[in-house]
Amino acid sequence: MPPSLHDLTFDQVTRLLTEEGLRPAHAKTLWNTLQYRSMTDPLARPDLAPPLRRWLEQALSGGAWTLDTPAVTSDVPSSDGLTRKALLKLTDAQEIETVIMGYEGRHTACISTQAGCAMGCVFCATGQMGFVRHLRPGEIVAQVHHARRVLADEGKHLRNLVFMGMGEPLHNYDAVMTALDIITHTSGINIGPSKVSISTVGVVPGIRRLAEEGRPYNLAVSLHAASDEERGAIVPANAKWPLAELLDACREYNARTGRRIFFAWTLIAGVNDSPEHARRVAALLHGLDAHVNLIPLNRTPGYAGEESADEAADEFHRILQSAGFPCTIRQRRGIDVAAGCGQLRAEKQRSRAGRTAAGASSALLPA
Ligand code: SAH
Ligand code: SF4
């Protein structure tokens, strides 16, 4: 499959076009059209300079390049109007989901990085479907363009991104970082790097690479348990990167970047939500610059666990705070469209299984 022009960073577009004998100004026009104006087809611009138009026509018809980009096949708002979930169909017919969340005038898009996920966390609908393939940079960026268009139609502005949709971002490291180079470029989408959060299940080499490269994004690490035995039972990736190694990488990240890490803890009734668990996580994170995000479990078809009672979540929260850790319980959102953490792809599986989304809860944003 030829590469898509949507996969290229500003520097790559400039290099390509100047190598092909075009001027840097042509590269700027192409970049502006694709990344600032969010247009999928630059040939639709009547004012395109003739040399750039000729080059594009040739490159596309000769098969050297494509303008392949995902098509939005549905976009459903939740009943409270604060969350919407879009389904994007990739050129090979794979489907991914992008969630747009509104919260006190702040708009955040939750971006997918893979079709499916290889990590197999037992409580996660994406993990339950298995790994299909990595997304290309342009397929990641297209989700941001979609969110931007939807919000622009409502006179709103997209400012925040969380890489917490389908897939494990650090398992698709290069494509995610290229996508972020595109997304944060100041003459394109121009989202501030400090408004970007990357969530990982704990891919240790990826965390170390982020620390080494000093990339200015926020890091979230999905912890969910404070012993290898308990974590291994719900997060299979723990066998490859056990807690001692993970926390070592986190310490290195803190030290090298000076950045706080946001640890996610999905609260599952009777599994990891006791006061003893809260004390153990406080002991485990001792000495780290850490914030803990508590996420009440969202139900998924392939896992029998249930969300913790509010009292258990409140007590967990209290213990962590009194141990000196900033701690938040995420708000519940998007219940009726299965747009909550870990629910992506759940809807289809549910309808296949003949079940309904009733009773599912959703939690996306820090309180
Ligand atoms: N793969 C990355 C990012 C995507 S998952 C990661 O695991 O961090 C985003 C967040 O949703 C993670 O913190 C994950 O643990 C959480 N999550 C997954 N399934 C969930 C569920 N059913 N209920 C609540 N949170 C869930
Ligand atoms: Fe993959 Fe994250 Fe889901 Fe685990 S929680 S299966 S890492 S998407």
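Here, every reference points to the structure presented above.
Residues numbered from 1 in each chain as written. Chains lettered and ligands numbered in written order. Predicted model: local features only at pLDDT ≥ 70, side-chain atom pairs only at ≥ 80, totals over all residues. Heavy atoms only, no water.

**Student:** Would you explain the site of ligand 2 in this entry?
**Tutor:** Around ligand 2 sit Cys117, Met119, Gly120, Cys121, Cys124, Gly127, Gly167, Glu168 and Val201, and those are all the residues in its vicinity. Its residues placed into classes, the shell around ligand 2 shows 5 nonpolar, 3 polar and 1 charged. (Near = heavy atom within 4 Å. Nonpolar A, V, L, I, M, F, W, Y, C, P; charged D, E, K, R; others polar.)

**Student:** I tried to follow the packing of helix α5 (residues 137–153) against helix α6 (residues 173–183) on my own but got confused; where do I start?
**Tutor:** For any two helices packed against each other, one specifies the inter-axial angle together with the distance between the axes. Two elements in contact, α5 and α6, have axes whose closest approach is 8 Å; the angle formed by their N-to-C orientations is 45°. Compared by their axis directions, α5 and α6 come out oblique. For the pair α5 and α6, the crossing hand works out as right-handed. On the side of α5, the interface is formed by Pro137, Ile140, Val141 and Val144, while α6 contributes Ala175, Val176, Thr178, Ala179, Ile182 and Ile183. By residue class, the composition of the contact of α5 with α6 is 9 nonpolar, 1 polar and no charged. (Axes fitted to C-alpha atoms, helices over the stretch in contact; angles between N-to-C directions. Helix = DSSP H or I, 4+ residues; strand = E, 2+ residues; numbered from the N terminus. Parallel < 35°, antiparallel > 145°, perpendicular 65-115°, else oblique. Left-handed = near helix turned anticlockwise from the far one by under 90°. Contact = heavy atoms within 4.5 Å.)

**Student:** Explanation requested: the site of ligand 1 in the structure shown.
**Tutor:** Inspection of the region around ligand 1 gives 21 residues, with Phe123, Ser199, Ser222, His224 and Asn298 positioned closest. Between a nitrogen atom of ligand 1 and a main-chain N or O atom of Phe123, the distance comes to 2.8 Å. Residue Gly167 places a main-chain N or O atom 3.0 Å away from a nitrogen atom belonging to ligand 1. The protein chains hide 96% of the 530 Å² of surface that ligand 1 would expose on its own. Those elements that provide at least two residues to the shell around ligand 1 are β8 (196–200), β10 (261–267) and β11 (290–296). Of the residues contributing to the shell around ligand 1, the split by class is 10 nonpolar, 10 polar and 1 charged. (Polar contact = N/O pair within 3.5 Å; in protein donor to acceptor, adjacent residues only side chain to side chain. Areas by Shrake-Rupley, 256 points an atom, 1.4 Å probe, with all protein chains shown as cover.)

**Student:** Looking at this structure, how should I read the sheet that holds strand β7 (residues 160–163)?
**Tutor:** Read across the open sheet, the 10 strands follow the order β1-β2-β3-β4-β7-β8-β9-β10-β11-β12; overall the sheet is mixed. Each edge of the open sheet is held by one strand with a lone partner, namely β1 (71–77) and β12 (327–329). Sheet twist, expressed as the mean angle between neighbouring strand axes with direction ignored, is 20°. Examined bridge by bridge, β1 and strand β2 (residues 83–89) share 6 bridges and lie antiparallel to one another. Paired with Ser74 across the two strands is Leu87, which belongs to β2. (Pairing = 2+ DSSP bridges.)

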